[in-house]
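Structural characterization, general
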Amino acid sequence: MLKIVESEQGTQQKALPFQGWALVRVSQKESWKSLKVPFTIGSHADNDIFVNAPTMRALSKIIVASNGQLVSVDSSSHETTSLQDLMVFGIEALGPFDQDPQNMKPWKRSLKLMSNKESNWYYSLQMPLLKKLLPRQQSLRLMTLTSLVTLMIGVLSTGGLSSNEIEDLSLTPISATAGNIVNVQVSSASQKDPYAKGATFVVQGIGNVDHSAQYILTLNLNGLDVANEISILLNEKVIGETTASLQCIDSFCSREFPIDAAWIKDGDNTIQLKHNAEASAYSVRSLFFRKMESASEEEKELAVQLIASAERYFEERHLLVKNIRNARDAIEEVERIISTRTGLDASKSKFVVAKKKVMDAFIETSKDLQFKLQKELKLGHSKQAIQIVEDMLKLYPDPTTKQNMSLTSQLKNLQETIK
């Protein structure tokens, strides 16, 4: 849960001098709001931006102005980083402004936003040679960039492409291979984007169609806030439409569409995603077109045993924190089998019920540990806080996840305090 708290001043603004204003939003679907700089971000409700996540401390980040741009300061290590790290939580901030941007004239606010974005781009530029060539003074830099853009527009115009024309890529084929998970990275933020009308994929490698088999298409996408936002067509025949889902707006989720083998052609097949709401943002991260093989007797028995194991760990979740993680691992393995094999209809109903129980309990356990951690930190009980963080790491054991990395960093900081 992310929320901009409606308050005139945050926890840290009483101690830090006023540095101007910023425009902030916590989601691309939210409207921009103005906040005084500095402002705070954390998991406690006293912050200007409240983030209910296990990776957030009570006071985690302080956003301040430095060298004409906004930067993020870690409340524990005092390390300064760019605001790009906050995009993990969907938080965007633009500024600083000399006055409340919501009271500024639109043209003046737009000019200041352009200036801020250019400054942020320059300071975060990862190309040392280009950064060295561009002037450090923004006015000179803007003149240089304007000249380059004008030159590019002139070249494009000479080639017959209007500078205002947006290339429509919705019908440009993107190659995909049957049986492989293909990363496609198709996205659109507005109706002016190349993929605003949708995208087209040509699936190769199907060969001779097995009309006795079951085929399925899996899409990993987000931005589903509009009913029937995307229609999915195979060889110009509609095989399904997406539905609006709260879980699939800011986060990616998988959607599966069964395909009648009679609609599949031998050889290449065309899959078209028709975006019915061009002004609404959406993204497609991967596509998986495959023939589902029949489950073996061993896989059927494994699915049954894993569901039973998940239910047992669920019942014993209060004995050890690790148990609810084990239950989730078991459920995820069952989901992998069911999503790639046929003949498991007898286990699907039990799986759906077990998955809901386990996932709800996992979230509840994580929130409970987070609440206990904040309580111990407020009381200054570092040793007790370390034990809770160690338990939370059992929920997120994968060292490559953001939750694990954040918790590991927090554990190290706590261990330093008791030395």
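In this report, we go over the structure that sits alongside the text. Since the structure is predicted, the reported quantities are computational estimates derived from the model, not experimental observations.

**Quick look at the overall build of the protein chain**
Within the protein chain, the regular secondary structure consists of 8 helices and 19 strands. In the protein chain, which comprises 419 residues, the proportion classed as buried is 42%. If you take every contact in the protein chain between residues at least 6 apart in sequence, the share linking residues at least 24 apart comes to 65%. When the accessible surface of the protein chain is split by element, carbon and sulfur atoms take 53% of a total near 23,600 Å².

**Quick word on the side chain of Ser 72**
Residue position: Ser 72 is located in strand 7 (residues 69–74). Aside from chain neighbours lying at most four places away, what touches Ser 72 is Lys 61, Ile 62, Ile 63, Glu 79, Thr 80, Thr 81, Ser 82 and Leu 83.

**Some words on the sheet that holds strand 15 (residues 237–241)**
Pairing in this open sheet of 5 strands is mixed, and the strands run 10-12-17-14-15 from one edge to the other. Each having just a single partner strand, strand 10 (173–177) and strand 15 make up the two edges of the open sheet. Strand-to-strand twist of the sheet, defined as the mean angle between neighbouring strand axes without regard to direction, takes the value 25 degrees. Pairing between strand 12 (residues 198–204) and strand 17 (residues 269–275): 6 bridges, direction antiparallel. Bridging across to strand 17, Ala 199 finds its partner in Leu 273.

**Some points on the environment of Leu 94**
With respect to the helices and strands, Leu 94 occurs in strand 9 (residues 92–97). Each C-alpha atom of the pair Leu 94 and Ser 34 lies 9.5 Å from the other, and the pair is 60 residues apart in sequence.

**Considering the nonpolar core**
A general tendency of soluble globular proteins is for nonpolar side chains to be buried together. Counting residues in hydrophobic clusters, the biggest one holds 35 residues, and the most contacted among them are Val 186, Phe 201, Leu 217, Ile 232, Ile 271 and Phe 289. Every element with two or more residues in this core is listed here: strand 10, strand 11 (181–188), strand 12, strand 13 (214–222), strand 14 (230–234), strand 16 (253–259), strand 17 and strand 18 (282–294). Those residues in contact with Phe 201, other than ones at most four positions away along the chain, are Ile 174, Val 184, Val 186, Asn 269, Thr 270, Ile 271, Leu 273 and Leu 287. Ile 307, Val 321, Val 334 and Ala 354 belong to the second largest nonpolar core, which has 33 residues in total.

**A short note on helix 6 (residues 345–379)**
Look at helix 6: 52 Å from first C-alpha to last across 35 residues, which is about the 51 Å you get at 1.5 Å a residue. Taken as a whole, helix 6 carries its principal kink of about 25 degrees at Phe 351. With its phi angle positive at about 75 degrees, Gly 380 sits one or two positions after the end of helix 6.

**What about unusual backbone geometry?**
Going from Val 37 to Pro 38, the amide bond is cis rather than trans, its omega being 5 degrees. Note that Pro 38 resides in the loop between strand 3 (33–37) and strand 4 (39–42). A cis amide bond links Gly 95 to the next residue, Pro 96, at an omega of 0 degrees. By secondary structure assignment, the location of Pro 96 is in strand 9. Of note, the phi angle at Glu 236 is positive, near 75 degrees, even though the residue is not glycine.

**Structural notes on helix 7 (residues 382–395)**
The terminal C-alpha atoms of helix 7, which comprises 14 residues, lie 20 Å apart, in line with the 20 Å expected from a rise of 1.5 Å per residue. Within helix 7, the full set of buried residues consists of Ala 385, Ile 386, Ile 388, Val 389, Met 392, Leu 393 and Leu 395. For helix 7, the angular spread of buried residues about the axis comes to 165 degrees, placing them on one side. Exposed and facing more than 90 degrees away from the buried side of helix 7 are Lys 383 and Gln 387. Buried residues in helix 7 make contact with helix 5 (321–340), helix 6 and helix 8 (402–417).

What counts, and where the lines are drawn
Residue indices follow the written sequence of each chain, beginning from 1 at its first position. It should be noted that, the model being predicted, local features are given only for residues of pLDDT at least 70 and side-chain atom pairs only at 80 or more, the latter also being counted only at that level, while totals for whole chains, interfaces and linings use all residues. The side-chain figures draw on all heavy atoms in the structure; neither hydrogens nor water molecules are used. Helix and strand labels come from DSSP, where a helix needs a run of H or I of at least four residues and a strand needs a run of E of at least two; each type is numbered from the N terminus. Three exposure classes are used, based on accessible area relative to the maximum for each residue type with a 1.4 Å probe and protein chains only: buried under 20%, partly exposed in between, and exposed over 50%. Contact between two residues is taken to exist if any of their heavy atoms lie within 4.5 Å; hydrogens are not considered. Working definition of accessibility: Shrake-Rupley area with a 1.4 Å probe, residue cover restricted to the visible protein chains. DSSP calls a pair of strands paired once it identifies at least 2 bridges connecting them. Fitting a line to C-alpha atoms yields each axis, with helices limited to the stretch in contact; the angle taken between N-to-C directions then spans 0 to 180 degrees. Take the buried Ala, Val, Leu, Ile, Met, Phe, Trp, Tyr and Cys residues and link them wherever side-chain atoms come within 4.5 Å; each set so joined is a nonpolar core. Take the residue count of a helix, subtract one, and multiply by 1.5 Å to get its expected span. A residue's bend is the angle separating two fitted axes: one through the seven residues that end there, the other through the seven that start there. Throughout, the arc means the angular range of directions from the helix axis out to the C-beta atoms.

Any link to function would need more than the numbers given here.
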